[in-house]
Amino acid sequence: MDVWFDSGSSWAGVAKGRDELAYPADVYLEGSDQHRGWFQSSLLTSVAANGQAPYKAVLTHGFVLDEKGFKMSKSLGNVISPMMMIEGGNNKKQQPAYGIDPLRLWVASVDYSGDVCIGDNIMKQTFESYRKLRNTARYLIGNLADYVPDGQEGSNAVPYDDLPSLDKWMLGRLSSTLREVNESYDEYQFYRAMQALLRFTSADLSNFYLDVAKDRLYTSAFDDARRRSCQTVLHACLEGLTKAIAPILPHMAEDIWQNIPYDKSTQSVFEGGMNSKLTEFEEYAGEQWDTILELRDDINKVLEIARTDKLVGASLDASVHIYAPEEVKKHLIGFDSDENILHPPVKTNGVDDLRTVLMISQVHLVDSPDDVSESCDDKYTMTSENGVVVGVKNASGNKCGRCWFFDGAVGPSGMLYDDLCPRCSDAVFKWEELSGQKLTPLPEPEATEPVT
């Protein structure tokens, strides 16, 4: 029997001949060399016999090459075994065991429509992406221990309409990413799905949102609205990301799902699809937050110079003066911080606040570039392309022993703990009231005689 007729009529013996399968098949998958082979012979025989194609879609892929782009060959000694990537070689330091999920991540991260390369260095890079996703999920889980989702008894979730602008913006970014991921899956463009997930996890979530969220997660009072609103967003991000990675990283997704600390709707991540609500949040205040993120990047550039000169250490050691043209300033006005850290804050809601968004102890919006120059050394000032001028100098006031912000209200002022800002004093007071315990300040270290 002719080999092409044999394989080309498999639709009759396999897809059409078995009740549990369907004819025409959803997809035929093979290498790019099969356009004149199996794909064509299957099409010819099916059209001749039944007047229709045996498949609804054809998906072709390239071939796997070594790290240098050479075809794998036993004679060249460059054949890479999938099992070695999963289980590791004899020398685990040189050939570590990555496990099945990182290998699946590599497969999903490359554009399979052409030839793809794999090797030790490529797998190391892929494993770093895997670790980034896993560590982000661990952080989200770790901050949801006392969270009760909406719809459950005793829920402490914050309704969408009551969320700060930052949290609404983050949910909009989450939904936009999940929609892109779903569309990419539907089109079999798995590398686009993984690019979108990794970009969201790294740029939007880890590098920005979680970075500035640490302040309200770690220093707010137990049931503070700032903390609960953040947990509401973390909950949505955790469930959305877990569902989105499940087709590619099933073991990681199930591991995350089994360690979620609150009651879940299903026992396994694979027992239910994506919650449609997670894909329905609209983009929120995009232009405003793009402006703030650009400003944050400009300030970080100047801070890096100041760190190099040891003017400041952490960003909280700094005070920033900002001049912004009207078209930029209009996006910043509602975020103008109180002069000192107040509880409750007066000018803002404590989240949509330049002090906390930029993680800078003091932020001053000034009226002219000269005001920046007068307050900050020229070496620590910068003018951006959009006309914004930023300058950095040391923060004034004393350092809060709990949140580490420098503030004029820290120090002897009649409060119970003189080394705390008003916001942290309130959080400690509420903790003492709730726990029935008293915070015991650490004793001052004893002075030691200098060694002579």
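As shown above, the structure is provided for reference.
Residues numbered from 1 in each chain as written. Predicted model: local features only at pLDDT ≥ 70, side-chain atom pairs only at ≥ 80, totals over all residues. Heavy atoms only, no water.

## Details of unusual backbone geometry
Most peptide bonds adopt trans geometry, and most residues besides glycine take a negative phi value.
In step 1: Following Y23, the chain continues into P24 via a peptide bond in cis, with omega recorded as 0 degrees.
In step 2: Omega for the bond connecting H343 with P344 falls within 30 degrees of zero, at -5 degrees, which places this linkage in the cis form.
In step 3: Along the chain, P344 falls in the loop between helix 12 (326–329) and helix 13 (354–358).
In step 4: Its identity as a non-glycine residue notwithstanding, Y188 has a phi of 60 degrees, on the positive side.
In step 5: With respect to the secondary-structure elements, Y188 resides in the loop between helix 7 (165–186) and helix 8 (190–219).
In step 6: Exposure remark for Y188: the relative accessible area of 30% places this residue in the partly exposed category.
In step 7: Although it is not a glycine, W404 sits at a positive phi angle of roughly 75 degrees.
In step 8: As for its placement among the helices and strands, W404 is situated in the loop between strand 9 (398–399) and strand 10 (406–407).
In step 9: A relative accessible area of 52% places W404 in the exposed class. (Helix = DSSP H or I, 4+ residues; strand = E, 2+ residues; numbered from the N terminus. Buried < 20%, exposed > 50% of the residue type's maximum accessible area, 1.4 Å probe, protein only.)

## Points about the environment of I256
In step 1: Turning to its location among the elements, I256 is positioned in helix 10 (residues 250–258).
In step 2: Residues I256 and L103, 153 residues apart in the sequence, show an inter-C-alpha distance of 19 Å.
In step 3: Each residue touching I256, except ones within four places of it in the same chain, is listed here: A137, I141, L238, T242 and I245. (Contact = heavy atoms within 4.5 Å.)

## Things to note about a negative patch on the surface
In step 1: There is a patch of like negative charges on the surface, built from E287, D290, E294 and D297.
In step 2: Relative to the helices and strands, E294 is located in helix 11 (residues 286–308). (Patch = residues over 30% accessible without salt bridge, like charges linked within 9 Å, V, L, I, M, F, W, Y side chains within 5 Å. Areas by Shrake-Rupley, 256 points an atom, 1.4 Å probe, with all protein chains shown as cover. Salt bridge = Lys/Arg side-chain N within 4 Å of Asp/Glu carboxyl O. Lys, Arg positive; Asp, Glu negative; His and termini not counted. Charge placed at Lys NZ, Arg CZ, Asp CG, Glu CD.)

## Some thoughts on the environment of T126
In step 1: Mapping T126 onto the fold places it in helix 6 (residues 120–142).
In step 2: Judged by its relative accessible area of 9%, T126 falls in the buried class.
In step 3: When sequence neighbours within four positions are dropped, the list of residues in contact with T126 reads P102, L105 and W106.
In step 4: Side-chain polar atoms of T126 contact the backbone oxygen of I122, separated by 2.9 Å. (Polar contact = N/O pair within 3.5 Å; in protein donor to acceptor, adjacent residues only side chain to side chain.)

## Details of the packing of aromatic side chains
In step 1: Applying the stated criterion across every chain yields a total of 14 aromatic pairs.
In step 2: Following the ring pairs from residue to residue traces out a cluster consisting of Y28, W38, F39 and Y55.
In step 3: The ring of Y160 has K168 sitting right over it, with the charged end atom 5.3 Å from the ring centre.
In step 4: Its end group placed over the ring of W257, K243 keeps NZ or CZ at 4.8 Å from the ring centre. (Phe/Tyr/Trp six-rings, centres within 6.5 Å; stacked < 30°, edge-to-face > 60°. Lys NZ or Arg CZ within 6 Å of the ring centre and 35° of its normal.)

## A look at the sheet that holds strand 6 (residues 362–366)
In step 1: Pairing is mixed across the open sheet formed by 4 strands, whose spatial order is 6-5-8-7. Edge positions in the sheet fall to strand 6 and strand 7 (381–383), since each of these pairs with one other strand and no more. Direction aside, the axes of adjacent strands within the sheet are offset by 15 degrees on average.
In step 2: Across 6 bridges, strand 5 (residues 318–323) lies against strand 8 (residues 389–394) in antiparallel orientation. Within the sheet, the bridge partner assigned to V320 lies in strand 8 and is V392.
In step 3: Packing of helix 11 onto the sheet brings it into contact with strand 5, strand 7 and strand 8, and relative to strand 8 it is tilted by some 40 degrees. (Pairing = 2+ DSSP bridges. Axes fitted to C-alpha atoms, helices over the stretch in contact; angles between N-to-C directions.)

## Thoughts on helix 3 (residues 38–50)
In step 1: The terminal C-alpha atoms of helix 3, which comprises 13 residues, lie 17 Å apart, in line with the 18 Å expected from a rise of 1.5 Å per residue.
In step 2: All of the buried residues in helix 3 are W38, F39, S41, S42, T45 and S46.
In step 3: Buried residues in helix 3 make contact with helix 1 (3–8), helix 2 (10–15), strand 1 (28–31) and strand 2 (58–61).
In step 4: At the C-terminal side of helix 3, G51 shows a positive phi close to 75 degrees. (Expected span 1.5 Å × (residues − 1).)

## Things to note about the packing of helix 5 (residues 100–109) against helix 10
In step 1: Running from N to C, helix 5 and helix 10 point in directions that differ by 120 degrees, and their axes come no closer than 8 Å. Here helix 5 is positioned oblique relative to helix 10, judged by the angle of their axes. Of the residues in helix 10, those in contact with I100, D101 and R104 of helix 5 are P250, H251 and M252.
In step 2: For the contact of helix 5 with helix 10, the class distribution of residues is 3 nonpolar, 1 polar and 2 charged. (Parallel < 35°, antiparallel > 145°, perpendicular 65-115°, else oblique. Nonpolar A, V, L, I, M, F, W, Y, C, P; charged D, E, K, R; others polar.)

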